[in-house]
Amino acid sequence: MSIFKWKTDEFSWVDFTIDVLRVLIVLGVVVGAWNTLSSGRISFAQWVNLFAAGLSQGSIYALIALGYTLVYGILLMINFAHGEVFMAGAFSTVFLAEALNRTGFLNEQPLLAILLMILFAGLVSMTVAILLERVAYRPLRGSPRLVPLITAIGASFFLQYTFRGLYGSGFKAYPQVKILQGVISIGDINIPIVQIFVFCSALILMLGLYWLVERTRIGKAMRAVSENKEVARLMGIDIDWVIMFTFGVGGFLAGSAGVINGMFRPQGVNFFMGFIPGIKAFTAAVLGGIGNIPGAMLGGLFLGVIEAIGPNLVLAGLGIPGANQLKDVIAFTMLVLVLIFRPQGILGERLSEQKA
Amino acid sequence: MKRLFLLLAVLTMLIGLSAPALADGHCMDALGCVEVAPDDPIVIASILAMSGPASFYGADTLGGIELAIMGRDGMLLGRDIELVEEDSFCAAEGGQAAAQRVAADESIAGVIGTTCSGAAQGAMPIISEAGMLMISSSNTSPSLTNDDADAGGTYYPGYFRTAHNDLFQGAMGAQFAVEVLKAGKVATIHDGDPYTEGLAVVMASVFDGLNGEVVFQGAVSKGDTDMSAILTEIAASGPDVVYLPVFVPESEFLVSQAANTPGLEDTVMMTADGSFSATFAQNTGEAAAGVYMTGPHVSGDAYDAFLAMWAEEQPGGTDAPPSGFHAHAYDGTNLLLDAIEAVAEEMDDGTLVIGRQALREAMQAVENYDGLTGTLTCQEAPLYNGDCATGTALAVFEITEAQVNEGAWPPPIVWDLSMSMGASG
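Trainee: Looking at this structure, I do not really get the overall build of chain B. What am I missing?
Mentor: Helix and strand counts for chain B come out as 13 helices and 20 strands. Taken over C-alpha atoms, the radius of gyration comes to 23 Å for chain B, in line with the 22 Å a tight globule of 425 residues would show. Taken along the three principal axes of its C-alpha coordinates, chain B extends 85 × 50 × 40 Å. Taking all 425 residues of chain B together, 58% fall into the buried category. Considering only residue pairs separated by 6 or more positions, chain B has 73% of its internal contacts joining residues 24 or more positions apart.

As structure tokens, this is what we get:
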């Protein structure tokens, strides 16, 4: 796609408008950033802090986004109940975390305790995701694409209110782990330890997923099913099992994201907590190129950083009042812009007719 | 001539006395009447946040209503009292939907509600149009009793409240910040809800009036978990006090993340009754210690008796009220029931007739009512239409280690308006 296409080809109002939009956006970003940076309102150390917080938030988005992308890659459906899969793990594990905190185990053996919590949350979310696939999606496989989409939305409500019934409507919070408190100082830059923990554990999980998909037998089967279900079946791959496995892997990642999120932002654990991260992670998956695994990781990190830095850098510089409240506006504007300018996402390739 | 005049005067008085509801057995009330057949109960409704994040407020208020009804053995004028419960979810749409269901039921004499100010803005146009009255025990947004639409007022006739107007609470926060904390610069944060925005605006303007400097006024969105962007911006503006009258869990995120934001580690955090719950301190953790809260404070023998009754009856299954507006709900319910008792008239066939306009007038006439929350007088000044509370049942609390680690509640009181240097003002 060449920039300023209308000059060379036949004139088109659509291309013209899109190009004007493109110029305006770049101009807005440059002017806003220039105003903010030249005012010196926010110091370099503070920018680094914002960036680090954005990176941590982004790694949580990325972990959830992987669930969207894995399922889309294999079934070409958007599992809108995936935010609730995240909630299931996070909400269930808060009780385990409280118990571990009461007995003192959490602060005596913090790494072991966190590992235990991640495994537990992963298993809960995995179970929910597999049940979801078995009960809500498998019977509808082969029906028009709108049908599973609507079902996913219904399943999302069902899960929210089931968990409200199980654990109540109040807010819970993860206990704070002592070794994760405090900061690492480099000069006058202070990075909270918990943010480093979040980023590293997300990285480990993502590397694990990469290994699983690229280096194992089942990974090969997943790629084959994603490529062409019928041929994969002819090669003797049990498609139902592979699809269920994919849901399970996505669920496990979402559940672990729930615990990692609980370490990073301990408060606000309730039945509705999966909604916004779910939507954000979906945005991240589309940003990176839905169906593309490294794309989801990159999209998540990118979205987290843009959200953290965008309002202060661009919007405040343009003199927009209440810039911080527009954080979500930035996230979803990114989604719209990506859909206009690069529908395949950052790393996505154009989908073939059969997939699209 | 003189005799005729006297006769006319007597007639006028007679009509005047009986006219609000009845003349020859027909309803003469300007807004219509509620007719209660001989064996039917007297019906009142509640529109509260019974589900969602603010549901602990709803449970708190409902307990107050139930105890007020139990306090009369469930009877009024020889009839049973029936309570119809509606859920408003703490949102304008929820308040609107609940109000439509209530307005469709002509047997309902009056409403206790809503929990959240936003819900009241959705509900009041419908309640008012239906000729009903609504008494809120926890709406505190100033706009609800302000009848100047140009100044953001959203008052509708028929609205009353026993909760304090935020004009009192925001001003109190500002006075505390200036007089006790000796703060020179303040930053305020709201979350877009009329309640939180109203408080933040009032606090800032009173603080400004007391020669303080308002260095930042901003907002977060409900559902935000990452507050680093706004906190960084606040840190850059260098306030002494951050005033964040938002709800849980946003207040929990703000306070706990501020403790790790360079430049805000030692800044004093103040919040208001939107975060007034035992879980705030426990969920926020160590960072909550030292946070100041303005909130409802009720004391006295009558209140102790109320708490004893709560512990015995356990409305909603809790030993103690889950939040701070139960006493306001108790007073509000009693005011409503008293008003019904005062204006209801019994016809020959035993039907009770309650004039809706008469009911509103009876509420408007409440003066020096001795309630749990102090002396109540329903006011009419342009800013306080239907404000029955006088703002004395408020205090500043400080969260301590005991609230964070042991779950003790409520926190100790550190200040109230009687300690203010400008108490007379």
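Trainee: Which parts of the structure should I look at to understand the domain arrangement of chain B?
Mentor: You'll often see interface size given as the accessible area lost when the parts meet. Residue and element names in this part refer to chain B. As assigned here, chain B comprises domain 1 (33–163 + 325–376) and domain 2 (167–298 + 394–419). Distance from the C-alpha centre of domain 1 to the C-alpha centre of domain 2: 31 Å. Each partner contributes to the interface: domain 1 provides 16 residues, whereas domain 2 provides 11 residues. For the side of domain 1 that touches domain 2, the elements supplying multiple residues, two or more each, are helix H4 (117–129) and helix H11 (326–343). The leading source of residues in the side of domain 1 that touches domain 2 is H4, at 3 residues. The residue makeup of the side of domain 1 that touches domain 2, split by class, is 8 nonpolar, 8 polar and no charged.

Trainee: Help me out: how do you make sense of the packing of helix H6 (residues 110–137) of chain A against helix H11 (residues 239–264) of chain A in this one?
Mentor: A packed helix pair is summarised by two numbers, namely the angle formed by the two axes and the spacing between the axes. Residue and element names in this part refer to chain A. It is the contact of H6 with H11, at a shortest axis distance of 6 Å, that shows an interaxial angle of 140°. By the criterion of interaxial angle, the relationship of H6 to H11 is oblique. Crossing geometry of H6 relative to H11 is assigned as right-handed. Partitioning the contact of H6 with H11 into residue classes produces 15 nonpolar, 8 polar and 2 charged.

Trainee: I tried to follow the sheet that holds strand S3 (residues 33–36) of chain B on my own but got confused; where do I start?
Mentor: Within a beta sheet, neighbouring strands are joined by backbone hydrogen bonds and run either parallel or antiparallel to one another. Residues and elements named next belong to chain B. If you trace the 3 strands from one edge of the open sheet to the other, you get S3-S16-S15, paired in antiparallel fashion. Sheet topology places S3 and strand S15 (345–346) at the edges, where each strand pairs with a single neighbour. Pairing between S3 and strand S16 (residues 352–355): 4 bridges, direction antiparallel. Pairing of Glu-35 across the sheet is with Val-353, part of S16.

Trainee: What is the right way to read the interface of chain B and chain A from this model?
Mentor: Tallying the contact residues gives 29 residues for chain B and 29 residues for chain A. For the side of chain B that touches chain A, the secondary-structure elements that each account for two or more residues are helix H2 (55–70), strand S11 (213–219), helix H7 (228–237), helix H8 (250–258) and helix H9 (278–284) of chain B.

Trainee: Teacher, can you tell me more about the environment of Leu-112 of chain A here?
Mentor: Residue and element names in this part refer to chain A. Looking at the secondary structure, you find Leu-112 in helix H6. Taking the C-beta count within 10 Å as the criterion, Leu-112 has 12 such neighbours and is therefore assigned exposed. The spatial distance from the C-alpha of Leu-112 to the C-alpha of Asn-101 is 13 Å, given a sequence separation of 11 residues.

Trainee: What is the right way to read the pairing of S11 of chain B from this model?
Mentor: Side-chain direction in a regular strand flips from residue to residue, so the side chains alternate between the two faces of the sheet. Residue and element names in this part refer to chain B. In terms of strand pairing, strand S10 (residues 185–190) meets S11 through 6 bridges, oriented parallel. Paired with Ile-189 across the strands is Gly-218, a residue of S11. At this point the chain moves from S10, through helix H6 (residues 194–209), to the parallel S11, and the crossover so formed is right-handed.

Trainee: Is there a simple way to explain the sheet that holds strand S4 (residues 42–48) of chain B in this structure?
Mentor: Residue and element names in this part refer to chain B. In space, the 6 strands of this open sheet follow the order S5-S6-S4-S7-S8-S9, with mixed pairing throughout. Of all strands in the sheet, those bounded by a partner on one side alone are strand S5 (75–76) and strand S9 (159–161). Of the pairings in the sheet, the one linking S4 to strand S7 (residues 108–113) comprises 5 bridges and is parallel in character. When the bridges of S7 are listed, Ile-47 appears paired with Gly-113.

Trainee: In this structure, what is going on with the nonpolar core? I would like to understand it.
Mentor: Within the largest apolar cluster, 238 residues are counted, with the highest numbers of intra-cluster contacts made by Ala-62 of chain A together with Ile-340 of chain B. The biggest single contributor to this core is helix H3 (residues 44–75) of chain A, with 17 residues. Each of domain 1 (33–163 + 325–376) and domain 2 (167–298 + 394–419) of chain B accounts for three or more of the residues forming this core. In contact with Ile-340 of chain B, not counting residues within four places along its chain, are Ile-42, Leu-76, Ala-109, Gly-110, Ile-354 and Leu-359 of chain B.

Trainee: Sorry, what's going on with the pairing of strand S19 (residues 394–398) of chain B here?
Mentor: Residues and elements named next belong to chain B. Within S19, 4 of the 5 residues are buried, which leaves the element mostly enclosed by the surrounding structure. The pairing of strand S14 (residues 292–296) with S19 spans 5 bridges and is antiparallel. For Gly-295, the partnering residue across the bridge sits in S19 and is Ala-395. In this sheet, strand S20 (residues 413–416) lies alongside S19 in antiparallel orientation, the contact comprising 3 bridges. Bridge assignment links Ala-395 to a residue of S20, and that residue is Asp-416.

Rules used in this analysis
- Residues numbered from 1 in each chain as written.
- Chains lettered and ligands numbered in written order.
- Predicted model: local features only at pLDDT ≥ 70, side-chain atom pairs only at ≥ 80, totals over all residues.
- Helix = DSSP H or I, 4+ residues; strand = E, 2+ residues; numbered from the N terminus.
- Rg over C-alpha atoms; globule rule 2.2 N^0.38 Å.
- Buried ≥ 20, exposed ≤ 12 C-beta atoms within 10 Å, placed from the backbone.
- Contact = placed C-beta atoms within 7 Å.
- Domains from an automatic or database assignment.
- Nonpolar A, V, L, I, M, F, W, Y, C, P; charged D, E, K, R; others polar.
- Axes fitted to C-alpha atoms, helices over the stretch in contact; angles between N-to-C directions.
- Parallel < 35°, antiparallel > 145°, perpendicular 65-115°, else oblique.
- Left-handed = near helix turned anticlockwise from the far one by under 90°.
- Pairing = 2+ DSSP bridges.
- Right-handed = clockwise from strand over helix to strand, strands pointing away.
- Core = buried A, V, L, I, M, F, W, Y, C linked by C-beta atoms within 7 Å.

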